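These are the residues of each chain, in order.
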Protein chains: 2
Amino acid sequence: MILGIDPGVANTGWAVVDDSGGEPRLVDCGVIETSKREPVGVRLGQIDDGLREIVHKYKISKMAVELLYFARNARSAMGVAEAIGVVRLSGCREGLEVVGYTPLQVKMALVGYGRAEKRQVEIMVRQSLGLEEEISPSHASDAAAVALTAMYSKKW
Amino acid sequence: MILGIDPGVANTGWAVVDDSGGEPRLVDCGVIETSKREPVGVRLGQIDDGLREIVHKYKISKMAVELLYFARNARSAMGVAEAIGVVRLSGCREGLEVVGYTPLQVKMALVGYGRAEKRQVEIMVRQSLGLEEEISPSHASDAAAVALTAMYSKKW
């Protein structure tokens, strides 16, 4: 069972993908939202708590985190990186193998093209998981994408 | 008692400054070093453990963290930002007030000049703390600088 994570201070998308059968299966997904009124440290604590709850609920063996490749907006990137640090820490504290993939690696794994559009990735996520409807919100879909990347990378 | 932190995945400098008297006093300082062979999540865990130990040892009421203002080297900045996230989380989990200062704010507070050199900051840290010898290693001196910034900012 792979837990995919799309980290962010305000919204951290997550998706649990069952990789035990032939085809990947989406078990559950969602978003950990944090309260803007709280200090960043408290919000990071809410992410940590939320992730641990998910790890305890499902038999997760591996955590796949979407990393930042290049910071276009340095300020917002710093926040995402702080969340990535906390996600890594949570995963390791729970005894999980934690792997990180850049957006480029996710696009290569799912679409086979590093400059693929977000929409193409979303379609491939649905096809891979045999879903007709879009995964909502998009942070959860992004989390599923990185979980699938971890699953496909294993086969390579 | 203020705990100043200069965060980094490999080396996190820390300094405990007593702000209860008229003049600030350096109580203790050091560096939390993490093992390069371990995964990042484990190293972030070592930082979290180390900080909690320091907070328990001294009666810390406030944590002052040096933030990143601008990322010259995006890759190394990402690592520092991940460590900042974990430091914030540790502080909040220990019930501390956590404040962050950019390098610019530290320089303004200690030297009164935002483009001051590292060396000038180091000299002002020693003068403020009434120390003749340099604080070693430099990460610990940087941590003392941010603790002093928090102390001086309170008076403004």
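The preceding data block contains the structure.
Residues numbered from 1 in each chain as written. Chains lettered and ligands numbered in written order. Predicted model: local features only at pLDDT ≥ 70, side-chain atom pairs only at ≥ 80, totals over all residues.

Engineer: Got a sec to walk through the relation of the copies chain B and chain A? Specific residues and values, please.
Structural biologist: The transform that puts chain B on chain A rotates by 180° and translates by 0.0 Å along the axis, for an RMSD of 0.0 Å. Read as a symmetry element, the transformation amounts to a two-fold axis. Considering only C-alpha atoms, the residue of chain B closest to the rotation axis is Glu-82 of chain B, which sits at 2.2 Å. A shared interface surface links the copies, since 100% of the contact residues of chain B are contact residues in chain A too. (Least-squares fit on C-alpha atoms with pLDDT ≥ 70 in both. Contact = placed C-beta atoms within 7 Å.)

Engineer: Could you give an account of helix H3 (residues 103-110) of chain B, with specific residues and numbers?
Structural biologist: Each α-helix turn comprises 3.6 residues. Residues three or four places apart therefore point the same way. Residue and element names in this part refer to chain B. Burial in H3 covers these residues: Val-106, Lys-107, Ala-109 and Leu-110. Projected down its long axis, H3 shows its buried positions confined to an angular sector of 165°, all on one face. Gly-112 occupies a position one or two residues after H3 and carries a positive phi of about 80°. (Buried ≥ 20, exposed ≤ 12 C-beta atoms within 10 Å, placed from the backbone. Helix = DSSP H or I, 4+ residues; strand = E, 2+ residues; numbered from the N terminus. Arc of directions from axis to C-beta.)

Engineer: Account for the sheet that holds strand E2 (residues 11-18) of chain A, naming residues and giving values.
Structural biologist: Residue and element names in this part refer to chain A. Ordered in space as E3-E2-E1-E4-E5, the five strands form an open sheet in which the pairing is mixed. Only two strands of the sheet have a single neighbouring strand rather than two, namely strand E3 (25-33) and strand E5 (97-101). Looking at each pair of strands side by side, their axes are set apart by 20° on average, direction ignored. Bridge count between strand E1 (residues 2-6) and strand E4 (residues 62-66): four bridges; the pairing is parallel. Residue Ile-2 lies in a different strand from E4, and its bridge partner there is Lys-62. (Pairing = 2+ DSSP bridges. Axes fitted to C-alpha atoms, helices over the stretch in contact; angles between N-to-C directions.)

Engineer: I'd like to hear about the pairing of strand E3 (residues 25-33) of chain B, residue by residue, with values.
Structural biologist: Residue and element names in this part refer to chain B. Pairing of strand E2 (residues 11-18) with E3, which is carried by eight bridges, proceeds in the antiparallel orientation. Residue Gly-13 lies in a different strand from E3, and its bridge partner there is Val-31. Where E2 hands over to E3, the hairpin turn is made up of six residues, counted between the paired strands.

Engineer: Which residues make up helix H4 (residues 118-129) of chain B, and what are the values?
Structural biologist: Residues and elements named next belong to chain B. Between its first and last C-alpha, H4 extends 17 Å over twelve residues, near the 16 Å set by a 1.5 Å rise per residue. Inspection of H4 places Val-121, Val-125, Ser-128 and Leu-129 among the buried residues, and these make up the whole buried set. Relative to the axis of H4, the buried residues are bounded by an arc of 85° and lie together on one face. Residues of H4 that are exposed and point over 90 degrees away from its buried face: Arg-119 and Gln-127. Remark: Gly-130 follows H4 within two positions and exhibits a positive phi of approximately 65°. (Expected span 1.5 Å × (residues − 1).)

Engineer: Hey, could you go over the interface of chain B and chain A for me, with residue numbers and the actual values?
Structural biologist: Counting from both sides, the interface comprises 24 residues of chain B and, opposite them, 24 residues of chain A. Where the side of chain B that touches chain A is concerned, the elements lending two or more residues are helix H1 (40-57) and helix H2 (74-93) of chain B. If you tally residues by element for the side of chain B that touches chain A, the top one is H2 of chain B, at 13 residues.

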